[in-house]
Structures are given as C-alpha cells and as structure tokens.
Amino acid sequence: MPFPCPACGAAVARSPEAWFLRCPACRSWLRAHAAEDAAVRAYEVEAVGRPETRRRLEVPWTPADDRRLRRWLLWSSVVTLGLAAALFVLARLL
C-alpha cells in the first residue's frame, strides 16, 4: 500500500511493513514501527534520524490480509505440533 513520505510528502510505493524503506524523492531512509492499537493496523513512520517527522499511518484490513494471516496461522500451528511430536518421539527413544 503506497503511503506519503513523512519527510517530504512524496508517495512511497511500498508497504510500511516492507524492509529497507526509502523515499524515491528525497532519498531518506524510513523506519516504520507497529503502533499499539488493537482496533486498526497502524504504523508510526519516520525518517531515520529525524524524530520530528514521525507520522501515524493507518492501514485497513483487506481480504488478502485475512487470507495471508489464516495461512500463516495454519502453517505455524502445523510446524509447532510437528516439532512437539518429534521431541516426544526423541524423548521416548532416548
């Protein structure tokens, strides 16, 4: 999801969740932190080294985000249960 650069206002064509964010207009490195708010997905975005540029960005949930979260929860549950079973079998063998 594109969002405005907190330093210059130009559009940054990446998601605030992406790594190594950089504004294409002013070439500032950007840092985004998830805000502590349970009602909406929100991020605090700022130019690195300039805390006065901090801006709050709210991102709406989309159906694609819901699917991605469900898929991640399913696979993480399967891996966790598989590791627990493997540790149980290993403990029984030793």
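Description of the structure in this document. Residue numbers restart at each chain and count upward from 1, following the sequence in its written direction. Per-residue local features of the predicted model are confined to residues with pLDDT of at least 70, and side-chain atom pairs are confined, for both listing and counting, to 80 or more; whole-chain, interface and lining totals are unaffected and use all residues. Side-chain measures here rest on the full set of heavy atoms in the structure, leaving out hydrogens and waters.

**A look at the overall build of the protein**
Part 1 of the reasoning: Within the protein, the regular secondary structure consists of one helix and six strands.
Part 2 of the reasoning: The helix and strand labels rest on DSSP assignments: H or I over at least four residues marks a helix, E over at least two residues marks a strand, and numbering proceeds from the N terminus. Shown N-terminal to C-terminal, the secondary structure of the protein runs as helices and strands in the order β-β-β-β-β-β-α.
Part 3 of the reasoning: Projecting the C-alpha coordinates of the protein onto the three principal axes gives extents of approximately 60 × 30 × 25 Å.
Part 4 of the reasoning: Here the term buried applies to any residue with accessible area under 20% of the maximum for its type, exposed to any over 50%, and partly exposed to those in between, with areas from a 1.4 Å probe on protein chains only. Per-residue burial for the protein yields a buried fraction of 21% across its 94 residues.
Part 5 of the reasoning: By definition, residues are in contact when any of their heavy atoms lie within 4.5 Å. Across the protein, every contact between residues at least 6 apart in sequence was considered, and the portion connecting residues at least 24 apart equals 21%.
Part 6 of the reasoning: Using the Shrake-Rupley algorithm and a 1.4 Å probe, accessible areas are obtained, with residue cover drawn only from the displayed protein chains. Of the roughly 7,100 Å² of accessible surface on the protein, a fraction of 64% belongs to carbon and sulfur atoms.

**A few points about the side chain of S28**
Part 1 of the reasoning: Residue position: S28 is located in the loop between β3 (21–22) and β4 (29–34).
Part 2 of the reasoning: Note on S28: relative accessible area 13%, which makes it buried.
Part 3 of the reasoning: Those residues within four positions of S28 in sequence are excluded, and the remaining contacts are A7, L21, R22, C23, A47 and R50.

**Observations regarding the packing of aromatic side chains**
Part 1 of the reasoning: When two rings of Phe, Tyr or Trp (its six-membered ring) have centres within 6.5 Å they constitute a pair, described as stacked for plane angles under 30 degrees, edge-to-face for angles over 60, and tilted for the intermediate range. Counting across every chain of the model gives one aromatic pair.
Part 2 of the reasoning: Taken together, a centroid distance of 6.5 Å and an interplanar angle of 80 degrees make the contact between W19 and F20 edge-to-face.
Part 3 of the reasoning: Above the plane of the ring of W61 lies R41, whose end atom (NZ or CZ) is 4.6 Å from the centre. In our convention, an over-ring charge means Lys NZ or Arg CZ found within 6 Å of a ring centre and within 35 degrees of that ring's normal.

**Examining the pattern of salt bridges**
Part 1 of the reasoning: Any carboxyl oxygen of Asp or Glu that lies within 4 Å of a side-chain nitrogen of Lys or Arg is treated as forming a salt bridge with it. If you walk through the whole model with that rule in mind, you get seven salt bridges.
Part 2 of the reasoning: Between E17 and R68 there is a salt bridge, and its shortest N-O distance comes to 3.7 Å. Of this pair, E17 sits in the loop between β2 (11–12) and β3 while R68 is found in helix α1 (residues 63–93), placing the two residues 51 residues apart along the sequence.
Part 3 of the reasoning: The partner of R68 in a salt bridge is D65, with the nearest N and O atoms 3.7 Å apart. Residue R68 and its partner D65 are both found in helix α1; the two are separated by three residues, about one turn of the helix.
Part 4 of the reasoning: In this structure R68 comes out as partly exposed when scored by relative accessible area, which is 41%.

**Digging into the environment of D65**
Part 1 of the reasoning: Among the residues examined, D65 registers a relative accessible area of 13% and is labelled buried.
Part 2 of the reasoning: If we skip the residues at most four places from it in the chain, D65 touches R41 and P60.

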